[in-house]
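Analysis of the macromolecular model
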Amino acid sequence: MSDTIENVKCLIIGSGPAGYTAAIYASRANMEPVLYQGTQPGGQLTTTNDVENFPGYPDGITGPEMMIELQKQAARFGTDIRDGWVTKVDFSGDIHKVWVNDTKEIHCKTVIISTGASAKYLGLDSEQKYLKLGGGVSACAVCDGFFYRNQEVVIVGAGDSACEEAHYLSKLCKKVTMLVRRDEFRASKIMANRVKNTENIEILYNTETDEVLGDGQVVTGVRAFNNQTNEKFEIPATGFFVAIGHKPNTDIFKDYLNLDETGYIINVPGTAKTNVEGVFVSGDAADHVYRQAVTAAGTGCMAALDAERYLAAKESDFEFVTPQY
């Protein structure tokens, strides 16, 4: 462990639209924020080829380009942006303790958590290949469905989110083929009935994905199989959507913060506050409903404003004391 403990007024854990927006607001408020980018600098948007639904970009922008611009904007106002990721926290006392890369110890007056959530994928090599190429694999129908207008797509999943995304795609695409691993949906009856009653959604039960097919650049179809008969068959498609859930990146906070049953941080409604004073949350680490770049940015703003008000109320009470070892 490092012998030197760094004292920070505002520590932002994670980047992406939420973290960088929090940094912009915090730095403009003279909170001297320090931001650690995490294991995926820029967050999930760095895996998105085209972003056309974020306000202010009439011609669209790639996800990586947007994150570079947000990073530059945060740095312009003085945010200390660093490589590294937080591996341990201790929120049990008045001073919030955070460890970076298992070595560096930081004591923070405020902490803004912007660690996001990671989409779950099937893990097929072909799936990951076309995901990285931006050639037809997606985990967000709302983000990417527009690019498949009047085309045929495949979606994997059986829960409420999968049904919601399949129904959304049905309004854009010529045909949506839904692969359900079991002989029934996990979704609520109302959501399952919605897709069952949609004319251009075909539901294949007891069906799993064997391979995502493509021409080396873009998806051209899916090879699936019936898990009862092992029969394999191909489905023509230009898009492959995975809707089997997200995992919030919140494990290191579970001993101190209130999480819901799936691991999302529970915030005080209408705020970015958590159950620990001085610790705030923004973005997909708390949002399991919208999961959009623009909503993440909005909560990043909220977190910075809440942190600023907290500091203003508590500033005179703070006095850092470096422990003697």
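One structure accompanies this document, and this report is about it. Predicted model, so just to flag it, every value in this text is computed and none were measured.

1. Focus on the pattern of salt bridges
Side chains bearing opposite charge may pair, as long as their charged atoms lie close to each other. With the rule as written, the count across this model stands at 10 salt bridges. Between Glu277 and Lys314 there is a salt bridge, and its shortest N-O distance comes to 3.6 Å. With Glu277 in the loop between β16 (246–248) and β17 (279–281) and Lys314 in helix α7 (residues 293–314), this residue pair connects regions lying 37 residues apart in the sequence. Of the residues examined, Glu277 reaches a relative accessible area of 53% and is grouped as exposed. Lys314 sits in the partly exposed class, given a relative accessible area of 27%.

2. Digging into the packing of aromatic side chains
In total, this model carries 7 aromatic pairs according to the counting rule given. Residues Phe91 and Phe253 carry aromatic rings whose centres are separated by 6.3 Å and whose planes lie at 10° to one another, so their mutual orientation is stacked. You can see Phe91 sitting in the loop between β4 (86–90) and β5 (96–100) and its partner Phe253 sitting in the loop between β16 and β17, a full 162 residues away along the chain. Looking at Phe91, the relative accessible area reads 5%, which means it is buried. Through successive ring pairs, a cluster of aromatic residues spans Phe91, Phe253 and Tyr256. Cation over ring: Arg28 sits above Phe77, and NZ or CZ is 5.0 Å from the ring centre.

Reading the values: rules and limits
Residues numbered from 1 in each chain as written. Predicted model: local features only at pLDDT ≥ 70, side-chain atom pairs only at ≥ 80, totals over all residues. Heavy atoms only, no water. Salt bridge = Lys/Arg side-chain N within 4 Å of Asp/Glu carboxyl O. Helix = DSSP H or I, 4+ residues; strand = E, 2+ residues; numbered from the N terminus. Buried < 20%, exposed > 50% of the residue type's maximum accessible area, 1.4 Å probe, protein only. Phe/Tyr/Trp six-rings, centres within 6.5 Å; stacked < 30°, edge-to-face > 60°. Lys NZ or Arg CZ within 6 Å of the ring centre and 35° of its normal.

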